[in-house]
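Spelled out, the chains give:
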Amino acid sequence: MQKQFSYLLIFALAVVFLAGSGFVAQAQNNKVRFGYINWPGVTVKTHVADKLLTTLGYEVEMTQLQVPATYKALSIGNLDVFLGGWIPTMKTYLDPYLEKGTIKQLAINLNETVYRNAVPEYVWEAGVHSLADLDKPEFRDKFDLNNNGKPEIYGIEPGNEGNKIDIQAIENDTYGLGDWEFIPSSTAGMLSQVKQAAKNDQWIVFLGWKPHWMNIEWDLKYLQDPERIWPEPGKEVVWTLSRQNFKTDMENVYHFLKQFEVTPTWQSDWIYGYTYAEKDPSDVAESWIKNHLDVVDMWVYGIDSVDGKRARDVIRDKYE
C-alpha cells in the first residue's frame, strides 16, 4: 500500500512538473473549440475548417448555440473561434465585447453579402420595389397569407438581428408597418413558407440573404430601403471572431484562420449541398476540399501540422 502511494505521489509530482514546463499547456493548445449557429453557411464553413485542422492533427470541438450565447461563450473563453460574425447586422451583440477586449476581430472571411427583406420576382414586377411600398393600399392585403386581417413579414430564428430590425420597424411604425405581424420561425421553416408561396404565386415578404441557395432556387428581389434600417448591400461582411489571447495561445491556427477567406459562390454551393440536396455538412465539406485543393493551398500557406510537417503536403496526402 505504501509502495502504491509512493508511485501515485511520483506521478502527481510529474504532472505538476510537466504543467510548469509547458508540456500540458502545449497538449491543450491542440484543441480548437468552434462555436456555430444553426445557419447553413456557417455550419458548412465550420465543417470545412474542422476537416482541415483535424487533418493537421488538431482536436476540433464544434458547439451549436444561439447568437447571444455564442458571443457570451466566446467572451469568457469557453469557445475559441466563431466564423459567422455578420457585421454590422450583429454589431449590437459584438460592440460591448470589443470595448472590453474579450472578443477580437480576427479577419473577414466573407464579403459581397446582402441581408434584408426580399420578395419573389412576381411581387416586384407587380410594383413592390421598396419597403415603403409594402403598406400601400393596393398591396398590403396581399401579404396576409394567414387570412387573419394582418399582413405578415416572415423571419428566422428568435434573437436573430435581422428579426430585430423588422420587429423594431413594426414597433416604430417605420414604412407604415405598425399594424403588420412579424412571424419568427427557423431558416428551414421560413424557406418552406417561401416555397409554398412561390408555388402558388402568393405574395410574401421575408428575410433574404446572399450567399444562399434561395437565390438559386427562386427569382428573388431585395427591397430598397430609403430609411436605411438595413445595412447597405455589400457593406455587410462576415468576420472570423476569436477569444482574447487566441493569437498568442494558438499562433499556427490563428494564421490559418487569417488566410481562411471564402467567396459567395463557394458558400452558396455549400448551402445548396447541405440544405437543398440534404447532404451531411461533413460530406459537403470533404467533397469541396477534394475539388478545391488549390484554394486550400492558399489557406494553409506557411502553416505546419501539429507534428511539424508542411500543412499543404499533409492535406494533399489525404485528399489527392
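Refer to the structure printed above.
Nothing here was measured: the structure is a model prediction, and the numbers come from that model. (Residues numbered from 1 in each chain as written. Predicted model: local features only at pLDDT ≥ 70, side-chain atom pairs only at ≥ 80, totals over all residues. Heavy atoms only, no water.)

A. View of the overall build of the protein. The secondary structure content of the protein amounts to 15 helices and 10 strands. When burial is assessed residue by residue, the protein has 49% of its 320 residues classed as buried. Within the protein, residue pairs in contact and separated by at least 24 positions form 77% of the contacts whose partners lie at least 6 positions apart. As presented, the protein carries roughly 15700 Å² of accessible surface, and 49% of it is formed by carbon and sulfur atoms. (Helix = DSSP H or I, 4+ residues; strand = E, 2+ residues; numbered from the N terminus. Buried < 20%, exposed > 50% of the residue type's maximum accessible area, 1.4 Å probe, protein only. Contact = heavy atoms within 4.5 Å. Areas by Shrake-Rupley, 256 points an atom, 1.4 Å probe, with all protein chains shown as cover.)

B. Representation of the environment of Thr89. Note that Thr89 resides in the loop between strand E3 (81–87) and helix H5 (91–100). Setting aside chain neighbours within four positions, we find Thr89 in contact with Tyr115, Glu161, Gly162, Pro231 and Glu236.

C. A look at the packing of helix H3 (residues 40–55) against helix H12 (residues 264–276). Close contact between H3 and H12 brings their axes to 9 Å; oriented N to C, the two are set at 100 degrees. In terms of orientation, H3 and H12 fall into the roughly perpendicular class. Along the contact surface, H3 presents Pro40, Gly41, Thr43, Val44, Lys45 and Val48, while H12 presents Gln267, Trp270, Ile271, Tyr274 and Thr275. (Axes fitted to C-alpha atoms, helices over the stretch in contact; angles between N-to-C directions. Parallel < 35°, antiparallel > 145°, perpendicular 65-115°, else oblique.)

D. Main features of the pairing of strand E10 (residues 237–243). Of all 7 residues making up E10, 7 are buried, and the element is well covered by its neighbours. Burial of E10 is two-sided: the residues Val237, Trp239, Leu241 and Arg243 facing one way and the residues Val238, Thr240 and Ser242 facing the other way are all buried. The pairing of E3 with E10 spans 5 bridges and is classified as antiparallel. By the bridge assignment for E10, Trp86 is matched with Val238. In terms of strand pairing, strand E4 (residues 103–110) meets E10 through 6 bridges, oriented antiparallel. Within E10, the residue paired with Leu110 across the bridge is Val238. (Pairing = 2+ DSSP bridges.)

E. A look at the sheet that holds E10. Spatial ordering of the open sheet is given by E2-E1-E3-E10-E4, a layout of 5 strands whose pairing is mixed. Two strands bound the open sheet, and with one partner strand each, they are strand E2 (59–64) and E4. Put simply, the sheet's adjacent strands are angled 30 degrees from each other on average, direction ignored. Along the sheet, H3 contacts strand E1 (31–36), E2, E3, E4 and E10; its crossing angle with E1, the most-contacted strand, is approximately 170 degrees. Where H5 meets the sheet, its contacts fall on E3, E4 and E10, and the angle it forms with E4 comes to roughly 140 degrees.

F. Layout of the side chain of Ser130. By the element assignment, Ser130 lies in the loop between helix H6 (121–125) and strand E6 (152–154). Side-chain polar atoms of Ser130 contact the backbone nitrogen of Ala132, separated by 3.0 Å. Discounting chain neighbours no more than four positions away, the residues touching Ser130 are Leu223, Gln224 and Pro226. (Polar contact = N/O pair within 3.5 Å; in protein donor to acceptor, adjacent residues only side chain to side chain.)

G. Layout of the pairing of E3. The element E3 is extensively covered by neighbouring structure, given that 7 of its 7 residues are classed as buried. One ladder, built from 2 bridges, connects E1 with E3; its direction is parallel. The residue bridging Gly35 from the neighbouring strand is Phe82, located in E3.

H. Quick peek at the nonpolar core. With 101 residues, the main nonpolar core has Tyr71, Phe256 and Trp299 as its most contacted residues. Counting residues per element, this core draws most heavily on H3, which supplies 6 residues. If we ignore the near neighbours within four places in the chain, the residues touching Trp299 are Val48, Leu52, Phe256, Gln259, Phe260, Glu261, Val262, Trp266 and Trp288. (Core = buried A, V, L, I, M, F, W, Y, C linked by side-chain atoms within 4.5 Å.)

I. Geometry of H12. Here H12 contains 13 residues, and its C-alpha end-to-end distance of 17 Å stays within 8% of the 18 Å for a straight helix at 1.5 Å per residue. Residues of H12 that are buried: Pro264, Trp266, Gln267, Ser268, Trp270, Ile271 and Gly273. If you follow the buried residues of H12, they end up packed against H3, E4, helix H9 (214–217), helix H13 (281–291) and helix H14 (293–299). Backbone geometry just downstream of H12 places Glu278 in the positive-phi region, at approximately 60 degrees. (Expected span 1.5 Å × (residues − 1).)

All quantities given are derived from atomic positions and should not be read as evidence of function.
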